[in-house]
Amino acid sequence: MLLLTLLLGAAATLAAEGGQHWTYEDPVLTIRSHTSCFCRKASPHGQDHWPASYPECGGNAQSPIDIQTDGVTFDPELPALQPQGYDQPGPEPLDLHNNGHTVQLSLPPTLYLEGLPQKFVAAQLHLHWGQKGSPGGSEHQINSEATAAELHIVHYDSDSYDNLNEAAQRPQGLAVLGILIEVGETKNPAYEHIISHLHEIRQKNQRTSVAPFSVRELLPPELGRFFRYNGSLTTPPCHQSVLWTVFSRRAQISTGQLAELQETLFSTEEEPSELLVHNYRAPQPLNQRVVFASFIEVGPSRTTAEMLGLGMGILLGCLCLLLAAYFIARKIRKKRLGNRKSVAFTSGRVAAEA
Ligand SMILES: *[C@@H]1O[C@H](CO)[C@@H](O)[C@H](O)[C@H]1NC(C)=O
């Protein structure tokens with residue numbers, strides 16, 4: 001009887017946590033530098049195994065995706081996305097939580113989105129990142145290029161559903177904003193509101209309070225250029241209920257901020273501590289889906305090298321034109337001078353004859 005109670009208790013705990021244990025590791029070759037060996041990490045809970053416990057993870061409209069910009073459809077009807085209430089999320093402190101898979105900040109429903117088919121109110125935001133010394137960390141890719149990290153701001157259709165959990169299981173129940181984060185020169189003060197508190201929640205299930213700050217500042221300044229598609233949660237149970245908006249412009253954090261993100265949190269509650277790293281899912285097949293773009297000049301934003309090349313090209317072009325103009329001008333002048341000489345000669349001869 002006692003055993004049965006214990007078993008039921010354990011089952012209930014599992015159910016409350018949302019089911020089976022899952023991790024990000026997949027059975028690919030992992031290089032362990034500290035042991036200098038090639039170790040095959042065959043985790044039975046890694047992302048390749050999610051569909052076994054969570055069938056929707058094997059669905060045909062999964063996220064993230066690799067957005068190929070030459071394959072997107074320009075939609076001039078896509079309205080601008082307007083985050084409302086983002087600047088001032090009220091007076092209450094916000095809950096910051098290490099849930100073992102990510103760091104998550106609770107958001108009040110006074111933050112909401114305009115510019116989507118329904119009103120979507122905010123519930124939480126969280127981050128995905130890579131690990132020290134290896135590239136990548138974002139979930140979405142643009143033209144097969146991943147960035148160092150990615151911010152997801154999760155919203156639900158509050159007109160149709162009572163809460164996030166209910167909406168998460170319904171088509172179009174959720175709207176998530178995806179912001180690709182790259183490493184820049186300077187510390188990003190908005191991200192610091194989250195990153196500076198990470199050391200308070202190092203272990204799984206630890207929480208802390210964060211003073212409210214402008215969530216708008218976590219987004220790139222320009223929100224006009226974005227991609228839109230139907231997809232899923234990027235973690236189990238992978239419900240295919242998300243209307244995704246992935247911004248073309250990136251946010252930037254400093255090298256130090258990225259290091260803190262990669263090296264502070266643990267994915268475990270007890271010893272042995274395991275660093276919470278590489279919490280991003282690999283891109284999923286697009287299948288029959290269409291990715292819409294709010295803008296037409298698709299393609300990766302130009303790199304400095306490309307801009308330099310373009311500048312040199314224009315300069316060279318101008319130089320050629322100038323040279324051509326110079327030679328033409330010289331030719332014309334020569335011709336005129338020649339004419340004048342002959343005129344002078346003629347007039348001279350006329351004068352002599354006279
Ligand atoms: C998403 O799916 C719904 C329902 O099938 C459809 O009406 C809508 O146009 C789709 N949106 C996008 C961005 O593909």
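Up top is the structure.
Structural notes, computed from the coordinates.

1. Quick word on a positive patch on the surface
1) Next: A contiguous patch of positive charge on the surface is contributed by Arg330, Lys331, Arg333 and Lys334.
2) Next: For Arg333, a relative accessible area of 61% gives the class exposed.

2. Looking at helix H5 (residues 255-263)
1) Next: Along H5, the positions that sit buried rather than exposed are Gln257, Leu258, Leu261 and Gln262. The arc that holds every buried residue of H5, seen down its axis, measures 135°, which confines them to one face.
2) Next: Turning to H5, the residues buried within the fold contact strand S9 (120-129), strand S11 (149-157), strand S12 (174-184), helix H4 (189-195) and strand S16 (251-254).

3. Topic: the site of the ligand
1) Next: Neighbouring the ligand are Gln172, Arg228, Asn230 and Phe292.
2) Next: At 2.3 Å from an oxygen atom of the ligand is found a side-chain nitrogen or oxygen belonging to Asn230.
3) Next: Relative to its unbound accessible surface of 360 Å², the ligand loses 43% to contact with the protein.
4) Next: Considering only residue class, the shell around the ligand consists of one nonpolar, two polar and one charged.

4. Re the nonpolar core
1) Next: Core analysis: the biggest nonpolar cluster contains 45 residues, and Ile153, Tyr191 and Leu218 have the highest contact counts within it.
2) Next: At five residues, S9 tops the list of elements feeding residues into this core.
3) Next: Once residues lying within four places of it in the same chain are set aside, the contact partners of Tyr191 are Leu127, Leu151, Ile179, Ile181, Leu218, Ala251, Ile253 and Gln257.
4) Next: Grouped together as the second largest cluster of nonpolar side chains are 22 residues, Val72, Ile142, Tyr161 and Trp244 included.

5. What about the pairing of strand S7 (residues 103-106)?
1) Next: Only one face of S7 is buried, namely the one carrying Val103 and Leu105, since none of Gln104 and Ser106 on the opposite face is buried.
2) Next: Relative to S7, strand S6 (residues 94-98) is paired through three bridges, and the arrangement is antiparallel. By the bridge assignment, His97 is partnered in S7 with Gln104.
3) Next: Inspection of the sheet shows S7 paired to S9 by three bridges, in the antiparallel sense. Bridge pairing in S9 places Ser106 opposite Gln124.

6. Some words on the packing of aromatic side chains
1) Next: Inspection of the entire model under this criterion finds six aromatic pairs.
2) Next: Aromatic side chains Phe226 and Phe247 sit 6.4 Å apart centroid to centroid with 80° between the ring planes, which places their arrangement in the edge-to-face category. Separated by 21 residues along the polypeptide, Phe226 in strand S14 (residues 226-231) and Phe247 in strand S15 (residues 242-247) bring together distant segments of the chain.
3) Next: Exposure remark for Phe247: the relative accessible area of 0% places this residue in the buried category.
4) Next: Each member of the aromatic cluster is reached from another via a ring pair, and the members are Trp22, Tyr24 and Trp50.
5) Next: A cation sits over an aromatic face here: Lys119 above Tyr112, 4.6 Å from the ring centre.

Conventions we followed
Residues numbered from 1 in each chain as written. Predicted model: local features only at pLDDT ≥ 70, side-chain atom pairs only at ≥ 80, totals over all residues. Heavy atoms only, no water. Patch = residues over 30% accessible without salt bridge, like charges linked within 9 Å, V, L, I, M, F, W, Y side chains within 5 Å. Areas by Shrake-Rupley, 256 points an atom, 1.4 Å probe, with all protein chains shown as cover. Salt bridge = Lys/Arg side-chain N within 4 Å of Asp/Glu carboxyl O. Lys, Arg positive; Asp, Glu negative; His and termini not counted. Charge placed at Lys NZ, Arg CZ, Asp CG, Glu CD. Buried < 20%, exposed > 50% of the residue type's maximum accessible area, 1.4 Å probe, protein only. Helix = DSSP H or I, 4+ residues; strand = E, 2+ residues; numbered from the N terminus. Arc of directions from axis to C-beta. Contact = heavy atoms within 4.5 Å. Near = heavy atom within 4 Å. Polar contact = N/O pair within 3.5 Å; in protein donor to acceptor, adjacent residues only side chain to side chain. Nonpolar A, V, L, I, M, F, W, Y, C, P; charged D, E, K, R; others polar. Core = buried A, V, L, I, M, F, W, Y, C linked by side-chain atoms within 4.5 Å. Pairing = 2+ DSSP bridges. Phe/Tyr/Trp six-rings, centres within 6.5 Å; stacked < 30°, edge-to-face > 60°. Lys NZ or Arg CZ within 6 Å of the ring centre and 35° of its normal.

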